[in-house]
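Spelled out from the first residue to the last, the chains are:
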Amino acid sequence: MKLPDLTPYIAPAVFYGLAAFAVISAIAAATAPKIVHAAFGLMAAFFGVAGLYFMLGADFVGLAQVIVYVGGILVLLVFGILMTGKTRSTLGLEEKPKLLIPAFVGGLFFFGLLLALHGTDFAARAVPPDPQPTTAPIGRAFLDPEQYLLPFELSSMLLLAALVGAAYLARRRRT
Amino acid sequence: MTIGLMHYLVVGAALFSAGLVTVLARRNAVAILIGIELMLNAANLNLVAFDRYGPGGVRGQVFALFVLVIAAAEAAVALAILLNVFDARDRIDVDAMTNLKG
Amino acid sequence: MLGLALTILGAPLVGFVIQFFLGRRLPGQGAWLTVATIFASFVSAVVIMASQLGGADPFHISWAWFDPSGGGGTPWTVGIHIDGLTAVMLVVVTLVAFLVHLFSTSYMKGDPKYYLFFAWLQMFSVSMLVLVLADNLLHLFMGWELVGLCSYKLIGFWSEKPAPGNAARKAFITTRIGDLGMVVAIAAIYMTAGSFEFSKIFEAARSGALADPWITIAGFGLFFAAMGKSAQAPLHVWLPDAMEGPTPVSALIHAATMVAAGVYLIGRFMPILTPDVLTVVATVGAVTAVMAGFIALAQDDIKKVLAYSTVSQLGYMFLGLGVGAWHAGLFHLTTHAFFKALMFLGSGSVIHACHHEQDMRKMGGLLKKMPITGWTFLAGVLAIAGLPFITAGFFSKDAILAGAWHRLPFLYWMALFGAVLTAFYMMRLFAMTFLGKPRDQHVHDHAHESPASMTIPLLILGALAICAGWGAWHGILLNPEIVADAMGVTATGFKTVGDLEFEHSGLVAAMAITAGVLGLLGGLYVFRFMGGAALDRLKRPFAGLEKVFHRKFGFDELYREIAMRPAYGLAKGFRVVDEKGVDGAVNVIGRFARDTLAALSGRTDRRVVDGAVHLVGWVPRVLGAGMNALQSGRVRFYLSVSAGVLALALVLGRIL
């Protein structure tokens, strides 16, 4: 008995799996009754998107996604949730998000985006070349004065400013 | 059965809409941040997808990384602000933040 | 040349940056630094003018800025253009700015924001220099807006008082209305000429690419912008209010920056103005000149009189430009810059000496107390009145009148009448302030001559107010060839300006002389030698008119009625709708539906109809609750609406 050749189906299957995982997680983040669950939904969505990045051959961006988003931003958000969590006045605040109108607006928006995508010709390549490692080209692009050196340095300034600003804003005021 | 640009863009649109719903539906300011992060991720996915199916080079990925930086800075500052709000009012319900209404 | 041009721009810019960020810590709070930088600009400007008037070719350099089409198109440029007109403007602007800086070092002494004042003075000068040095319309527009911003900061410098803040906003908003015209003109020009560069725009006008109707639209747009910036009726209302700013700022605004920008703009774009536009320019100028003269006649605040005299003189400049005697208009701009800066600084000296008293009715007899201020002020008065043969104002005003006589005789008569008025009210100002007996002994006792850093600028400007019409200046600026060649106007025989040469008829000159002298002597007689009772008797038949003039023809009231009140009303209305209307309507509808329908249901067969009615009652209640929920979340509600509308637009845009 000869098994059918499944090779052409592997990539689409992985894609659909990852896409479904990401989208379902995102929807969970939107609808979960508890905010902590929403944060976990967000984490799952981050992982799903990171997987999609790897499928797109963007290994560096995928790794940065995992490190920065999951390791940094998400932790920050969870800290935020913990520090602003249960107090008298927030108890019972976030039972279930009222979803009717947001869901309608979001659905309409999604529909509109689909229509826009449908009607636009992006002149995309149907079959892209095999993915190459991207870390070296990205590094060169960032440090090349002809390319992105200035924005790169500016963004480091931005991060510094954000760091100082956040520390300043969040410091405890003793009155 | 090949996966094209359009597939990724649809996923991006779905993630973006989910983020929008989160922002609109939640009253907790941290949850709204979660929604914003989802939307930024959707945009990033589009950038990387365009890069992959576009004329080549790493331009799209570089932009995705810049977006990442902005997202990190934004989350840090926004959370600092929220902590301040929480200190002052003991809650971070955006519906209660109506001091500036006309 | 490039180095000089960059020095002109760069020195005060560096001065601004240092002064703005570090000024507070500099010794003497940095005023000396800004004086030095603007002086460096002035020296460079003089060198440039010397080479330009020595016959050097116009200088032009431009750098690609960015390509709006994304690649392969013609890039937008930034650049520097220097010709005779630019050179003259540069000298006037930097000289007046330098003297104002110097004057301010004493005048502003003790102000808590001393260093900041100088920072903004520097930026004001830089903005004007950017505007003057620009080689293209877009670049000029940046300078134009920067000038507006700096004027806002400086007029409202004493922002802790309400009046300066209001005056600053009024100036900003009024000039912004004019800027609408600028934007329209830029769009029309770029659309047809395909470039912002002056030379290319003029080229397009010659070749016919920039033709009717766009050339007319562009011309009117530019003039509308100039009306706002240069305070021409009916957009003149901001300039008198701008007196709320510190007096040196008034001097700068009235002489070198801000109002000169509008005149410069029209002068620069002379080659593309069609006859229709020019006629409008001339008419608006003449009407403004006379109207502002009337208003100045009935003001008692020394600075208000000067402000309206500026409006009036600007009217003369536009009249000159509009009748094609554009070199005369620009010549008047330079002479006016000198004598108006002189008089503003002089009035600043007086106000300073009289403990910030600005009401002329409390002054008088100050000439003995403040001889330098008084005599230099007299030079300014004589210059603006056009005392024949020796003052600068005579030559420039005579040239404008001659041009008007040549082309639009009716406007000539208006302008001539305006000249009598000018001489008359300026003499009134001088007589009330400096001559006669002191009216308020307390103010008089307090008065003293100002320190040297204030009187030196006065002496320099006083000399210029007299001499600027002589010799070199006269020959250069009244010779259309020099400036016009640089503009490429006569060289190409561009039709609208026509013959720039016209005869200086003896008759016109004689009439102008008579007008000036008549006004001066009349003013001197009425306000110096006629006693109080006689003066009152003389004024009585004109009481009604005086009231109208004093109220400034009611422009402020008019604008309050037609613009501000409706805007406030609308805002209030929206607020009521927002607070009561939406919430209220939802509640009322819900209650109405529930109550009436419930009442109805009670009267009909409960068992049969109950279910249906409950359903009917339930729908509005749920709707009402839903809409109430929408209303409760302010930010999210607004966001929902905007996201929803955007989504709808996306969908409808595809379907339709």
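All chains use their own residue numbering, which begins from 1 and follows the written sequence. For naming, the first written chain is A and the first written ligand is 1, with later ones following in the order written. Since the coordinates come from a predicted model, pLDDT governs what is reported: local features require at least 70, and pairs of side-chain atoms require 80 or more to be given and counted, while whole-chain, interface and lining totals use all residues. No hydrogens and no water enter the side-chain calculation; it runs on all heavy atoms of the structure.

K.L.:
Help me out: how do you make sense of helix α14 (residues 326-353) of chain C in this one?
P.N.:
Because each turn of an α-helix spans 3.6 residues, side chains separated by three or four positions end up pointing in the same direction. Residues and elements named next belong to chain C. Over its 28 residues, α14 runs 40 Å from end to end, which matches the ideal 40 Å to within 8%, given 1.5 Å per residue. The bend reported for a residue corresponds to the angle between axes fitted to the seven residues ending at that residue and the seven starting there. Put simply, DSSP H or I for four residues or longer makes a helix, DSSP E for two residues or longer makes a strand, and each gets a number counted from the N terminus. At histidine 336, α14 shows its largest kink, close to 25 degrees. Accessible area is worked out with a 1.4 Å probe on protein chains only. A residue is then buried under 20% of its type maximum, exposed over 50%, and partly exposed in between. In terms of burial, α14 is a largely internal element, 27 of the 28 residues being buried. How far a helix is expected to stretch is found by multiplying one less than its residue total by 1.5 Å.

K.L.:
In this structure, what is going on with the packing of aromatic side chains? I would like to understand it.
P.N.:
Pairs of aromatic rings are described using the distance from one ring centre to the other and the angle between the two planes. Stacked, tilted and edge-to-face are the three classes assigned to paired rings of Phe, Tyr and Trp, where Trp is represented by its six-membered ring and a pair needs centres within 6.5 Å; plane angles under 30 degrees give stacked, over 60 edge-to-face, the rest tilted. Applying the stated criterion to the full structure yields 35 aromatic pairs over all chains. Centre to centre, the rings of A:Phe15 and B:Tyr8 are 4.8 Å apart; their planes meet at 70 degrees, and the pair counts as edge-to-face. One end of the pair, A:Phe15, is in helix α1 (residues 7-31); the other, B:Tyr8, is in helix α1 (residues 5-25), on a second chain. No difference in accessibility class separates A:Phe15 from B:Tyr8, as the two residues are buried. Plain terms: the ring middles of C:Phe294 and C:Phe417 are 5.7 Å apart, the flat faces sit at 55 degrees to each other, and that makes the pair tilted. You can see C:Phe294 sitting in helix α12 (residues 275-297) and its partner C:Phe417 sitting in helix α18 (residues 409-434), a full 123 residues away along the chain. Here C:Phe294 falls in the partly exposed class, since its relative accessible area comes to 21%. What makes C:Phe417 partly exposed here is its relative accessible area of 40%. Among the aromatic residues, those joined into a cluster by ring pairs are A:Phe142, A:Tyr148, A:Phe152, B:Phe63 and B:Phe66. One residue, C:Arg176, lies across the ring of C:Phe172, its end atom 4.1 Å from the ring centre. Whether a charge sits over a ring depends on NZ of Lys or CZ of Arg being within 6 Å of the ring centre and within 35 degrees of the ring normal. Taking NZ or CZ as reference, C:Lys397 lies 5.0 Å from the ring centre of C:Tyr316, over its face.

K.L.:
What is the right way to read the interface of chain A and chain C from this model?
P.N.:
In many analyses, interface size is given as the accessible surface area lost on bringing the parts together. We call two residues contacting when some pair of their heavy atoms lies within 4.5 Å. Listed per partner, the contact involves 11 residues of chain A and 12 residues of chain C. Between chain A and chain C lies a buried interface of about 960 Å² when both sides are counted; carbon and sulfur atoms form 84% of it. By convention in these notes, a salt bridge is any Lys or Arg side-chain nitrogen within 4 Å of a carboxyl oxygen on Asp or Glu. There are zero salt bridges connecting chain A and chain C. Definition of a polar contact: a pair of N or O atoms within 3.5 Å, with one able to donate and the other able to accept a hydrogen when the atoms are protein atoms, and with sequence-neighbouring residues admitted only if both atoms are side-chain atoms. Linking chain A to chain C there are zero residue pairs in polar contact (both at pLDDT 80 or more). For the side of chain A that touches chain C, the per-class residue count stands at eight nonpolar, three polar and no charged. Buried area, as used here, totals the accessible surface that two parts lose on assembly, with accessibility defined by a 1.4 Å probe and the loss added over both. The nonpolar class holds Ala, Val, Leu, Ile, Met, Phe, Trp, Tyr, Cys and Pro. Asp, Glu, Lys and Arg form the charged class, and all remaining residues, Gly among them, are polar.

K.L.:
Even after reading the chapter, I still don't get the interface of chain B and chain A, so can you show me in this structure?
P.N.:
On the chain A side, the residues contacting the 69 residues of chain B number 85 residues. Of the roughly 6700 Å² buried between chain B and chain A on both sides combined, carbon and sulfur atoms contribute 76%. Counting every contact that joins chain B to chain A gives zero salt bridges. Viewed at the interface, chain A and chain B are joined by seven residue pairs in polar contact (both at pLDDT 80 or more). Looking at the side of chain B that touches chain A, the elements with two or more residues in it are α1, α2 (29-53) and α3 (59-89) of chain B. Element by element, the count of residues in the side of chain B that touches chain A is highest for α3(B), at 23 residues. For the side of chain B that touches chain A, the per-class residue count stands at 50 nonpolar, 10 polar and nine charged.

K.L.:
Which parts of the structure should I look at to understand the pairing of strand β2 (residues 76-82) of chain C?
P.N.:
On a regular strand, one side chain projects to one face of the sheet and the next to the other, so that they alternate. Residue and element names in this part refer to chain C. Among the seven residues of β2, six are classified as buried, and the element is accordingly described as predominantly covered. In this sheet, β2 lies alongside strand β1 (residues 59-66) in antiparallel orientation, the contact comprising seven bridges. Paired with alanine 64 across the bridge in β2 is threonine 77. Any two strands with at least two DSSP bridges between them are considered paired.

K.L.:
Even after reading the chapter, I still don't get the pattern of salt bridges, so can you show me in this structure?
P.N.:
Oppositely charged side chains can form a pair if their charged atoms are brought close together. Residues and elements named next belong to chain C. Taken as a whole and judged by the stated rule, the model has six salt bridges over all chains. Between glutamate 197 and lysine 200 there is a salt bridge whose closest N-O contact spans 3.8 Å. Here lysine 200 falls in the partly exposed class, since its relative accessible area comes to 43%. Here arginine 428 makes a salt bridge to aspartate 300, at a shortest N to O gap of 3.2 Å. With arginine 428 in helix α18 and aspartate 300 in the loop between α12 and α13 (302-322), this pair connects stretches of sequence that are 128 residues apart.

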